[in-house]
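# Coordinate analysis (summary)
The lines below spell out each chain.
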Amino acid sequence: MIIIHKESNKLLISVKYIFYIYLFEKAGLIMEISNLYIYPFTEHTMPLCRFNDRLQQFDHVIPIVPHEFGFLGGDAGIVDKGPPIGAIIEEVIPQNISKSDALLLCDPTNSVVSALPYQKQIQVAQELGIRFLASKKIVTLLKMNGIDGEIVDYPDIEIDLKGYRNLQDISVPVIIILGTGKGCGKFNTQLMVSEMFIRAGYRVAQIASKEYSSLFGISPFPSFMFDESKSSLEKIQKLNQFAVDLIDQKNAEVLIVGVPGGIMPISKFEFDEFGELAYLVSHAIPSDIGILNVYYQEYNAEILKTLIKLCKFKFNVKIKIISVSNKVLYISPEEKRTCDFYIPYKKVSVNNSIAESFFSDAFLLNPYDNNSLVEAKNIIMEELTDKLFL
């Protein structure tokens, strides 16, 4: 296959091959590279860069930031101190935006109340006819300014319960992925686990935690799960039906569910996460195996024991793997808030002797270590051997 970059729209070859290019193009063997620009690029959108080969509509993801953000000219991996990605962080200037086919507008702090922060980007993109992608909130703000945008968010879906009063059985093995809080690597884990099954030849259905999961061809959580006007019973019934329908639609052999948010308060200053969503999901979609993502710290046996028991008795989730991220949380008594920072991924280390001494079914995963990933894969496959369609 021959690839043409859209900004050049030509191949740097001699004239004698023009005729062959014409034939290739007619045969559909030439395709254009499609660029997705992300503004502002932060750790929240990092998976779009790290797993850009899984994107459905775009070939390249290019992170752009305001000049004051820093990181300009550096590899995008520096934002979360993970492995290098190969995507270079660019400044938000017209010359850079002009190279994109679509612009994903983000609100990393969930604090945007007008389209003003995006005014410069919008003006340039409008003049060039570039597509806008954004959350429902930002698209609504754009429409107030007469600008059309495409929604990339938790979808509004009407679920037909088809007369069922009781929950339906889930016909395939279910892997549920939880996290002790936000930003501890859940979505990365979801993508890695699904890739593992896809490479093994299985058909995968997936309900993912990130609102932009649809860019990967993955179903994000339906928005009714966040609707405070709906009862817990209604949410459980509808999510159960949503999962059953998705499995049928994908003709899936395994279902992977990544739950947004955390399973517990992370400090006395931040206690907005009590695991309500995980509780509802665990009743709607019973799981066969669970993976818990945690922040980085020195874990002792008592902490691990508490976390595993919490997941078992509160959510009926059997944790087989605990994935340790490179994000550290600490409490600032002076500011009365929880702060975080990343450590370089090469400094992440786990001590499986702690887990193995107390829990024969718990494996501490270092997601940056290939041997650790292979071991995690073996654990998952062994656990599901009797339930997978072989």
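Let me begin by describing the structure that accompanies this report. (Residues numbered from 1 in each chain as written. Predicted model: local features only at pLDDT ≥ 70, side-chain atom pairs only at ≥ 80, totals over all residues. Heavy atoms only, no water.)

## Observations concerning the sheet that holds strand S11 (residues 219-220)
Taken in spatial order, the seven strands make up an open sheet running S11-S10-S12-S9-S13-S14-S17, and their pairing is parallel. This sheet does not close on itself; its edge strands, each paired only once, are S11 and strand S17 (363-365). Relative to S17, strand S14 (residues 319-324) runs parallel, the two sharing three bridges. Note on S17: the bridge partner recorded for Ile321 is Phe363. Against the sheet, helix H6 (residues 186-199) contacts strand S9 (174-179), strand S10 (204-208), strand S12 (254-258), strand S13 (289-294) and S14, and its axis sits at roughly 175 degrees relative to S10. Lying on the sheet, helix H9 (residues 301-315) is in contact with S9, S13, S14 and S17; it crosses S14 at an angle near 130 degrees. (Pairing = 2+ DSSP bridges. Helix = DSSP H or I, 4+ residues; strand = E, 2+ residues; numbered from the N terminus. Contact = heavy atoms within 4.5 Å. Axes fitted to C-alpha atoms, helices over the stretch in contact; angles between N-to-C directions.)

## Brief notes about the nonpolar core
In terms of nonpolar packing, the biggest core is built from 50 residues, with Leu178, Leu255 and Ile285 touching the most fellow members. Listing elements by their share of this core, those giving two or more residues are S9, S10, helix H7 (232-250), S12, helix H8 (276-284), S13, H9 and S14. For this core, the element with the highest residue contribution is H7, accounting for seven residues. Other than its neighbours up to four places away in sequence, Leu178 contacts Lys186, Val259, Ile263, Ala278, Ile291, Leu292, Asn293, Cys311, Phe315 and Val317. With 27 residues, the next largest nonpolar core counts Leu55, Phe58, Ala87 and Leu191 among its residues. (Core = buried A, V, L, I, M, F, W, Y, C linked by side-chain atoms within 4.5 Å. Buried < 20%, exposed > 50% of the residue type's maximum accessible area, 1.4 Å probe, protein only.)

## Focus on helix H4 (residues 119-128)
The complete set of buried residues in H4 reads Gln121, Ile122, Val124 and Ala125. Buried residues belonging to H4 abut strand S3 (35-39), helix H3 (94-97), strand S6 (102-105), strand S7 (131-134) and helix H5 (136-144). Just past H4, the residue Gly129 takes up positive phi, approximately 70 degrees.

## Looking at the environment of Asn240
By secondary structure assignment, the location of Asn240 is in helix H7. Take Asn240: its relative accessible area is 2%, and that puts it in the buried class. Spatially, the C-alpha atom of Asn240 lies 8.4 Å from that of Val281, the residues being 41 residues apart in sequence.

## Here we look at the sheet that holds strand S4 (residues 60-65)
Spatial ordering of the open sheet is given by S5-S4-S3-S6-S7-S8, a layout of six strands whose pairing is parallel. The open sheet has two edge strands, strand S5 (90-91) and strand S8 (150-151), and neither has a second partner. Against the sheet, H5 contacts S6, S7 and S8, and its axis sits at roughly 135 degrees relative to S7.

## A look at the pattern of salt bridges
Enumeration according to the criterion identifies 13 salt bridges in this entry. Residue Lys136 is joined to Asp156 by a salt bridge in which the shortest nitrogen-to-oxygen separation is 3.1 Å. Pair noted here: Lys136 is in helix H5 and Asp156 is in the loop between S8 and S9, with a separation of 20 residues, a long-range link. The exposure class of Asp156 is exposed, given its relative accessible area of 60%. As a salt-bridge pair, Lys318 and Glu383 come within 2.7 Å of each other at their nearest N and O atoms. A residue pair is termed long-range when its members are at least 10 positions apart, and Lys318 in the loop between H9 and S14 and Glu383 in helix H11 (residues 370-383) qualify at 65 residues. For Lys318, a relative accessible area of 39% translates into the label partly exposed. (Salt bridge = Lys/Arg side-chain N within 4 Å of Asp/Glu carboxyl O.)

## Details of the packing of aromatic side chains
Aromatic ring pairs are reported here in terms of the distance separating the ring centres and the angle at which the planes meet. Considering all chains together, one arrives at seven aromatic pairs under this definition. With a centroid separation of 5.8 Å and 75 degrees between ring planes, the pair formed by Phe197 and Tyr202 is classed as edge-to-face. In this structure Tyr202 comes out as buried when scored by relative accessible area, which is 14%. (Phe/Tyr/Trp six-rings, centres within 6.5 Å; stacked < 30°, edge-to-face > 60°.)

## Side note on empty space enclosed by the protein
Across all of its chains, the model carries one cavity of 30 Å³ or more by this definition. Quantified by volume, the largest cavity comes out at close to 40 Å³. Around the largest cavity, the lining residues are Leu161, Tyr164, Asn166, Leu167, Gln168, Gln237, Asn240 and Gln241. Residue classes in the lining of the largest cavity are distributed as three nonpolar, five polar and no charged. (1 Å grid on protein atoms, 1.4 Å probe; cavity = no way out; pocket = protein on both sides within 12 Å on 5 of 7 lines; lining within 4 Å. Points joined across faces, edges and corners; volume = space filled by probe spheres on them. Nonpolar A, V, L, I, M, F, W, Y, C, P; charged D, E, K, R; others polar.)

## Some points on unusual backbone geometry
A cis amide bond links Tyr39 to the next residue, Pro40, at an omega of -15 degrees. The topology assignment puts Pro40 in the loop between S3 and helix H2 (46-50). One non-glycine residue, Lys81, adopts positive backbone phi at about 55 degrees. With respect to the secondary-structure elements, Lys81 resides in the loop between S4 and S5. One non-glycine residue, Asn316, lies in the positive phi region at around 55 degrees. Structurally, Asn316 can be placed in the loop between H9 and S14.

## Thoughts on H8
Residues three or four positions apart in an α-helix share a direction because the helix packs 3.6 residues into each turn. Among all positions of H8, only Leu277, Ala278, Leu280, Val281, Ser282 and Ala284 are buried. The inward-facing, buried residues of H8 abut S9, H7, S12 and H9.

## Here we look at the layout of surface pockets
Here the second largest pocket is characterised by a volume of approximately 510 Å³. Lining the second largest pocket are 20 residues, with Met192, Val193, Glu195, Met196 and Leu373 positioned closest to its centre. When residues of the lining of the second largest pocket are traced back to their parent elements, those giving at least two are H6 and H11. Of the residues belonging to the lining of the second largest pocket, the class tally is 12 nonpolar, two polar and six charged.

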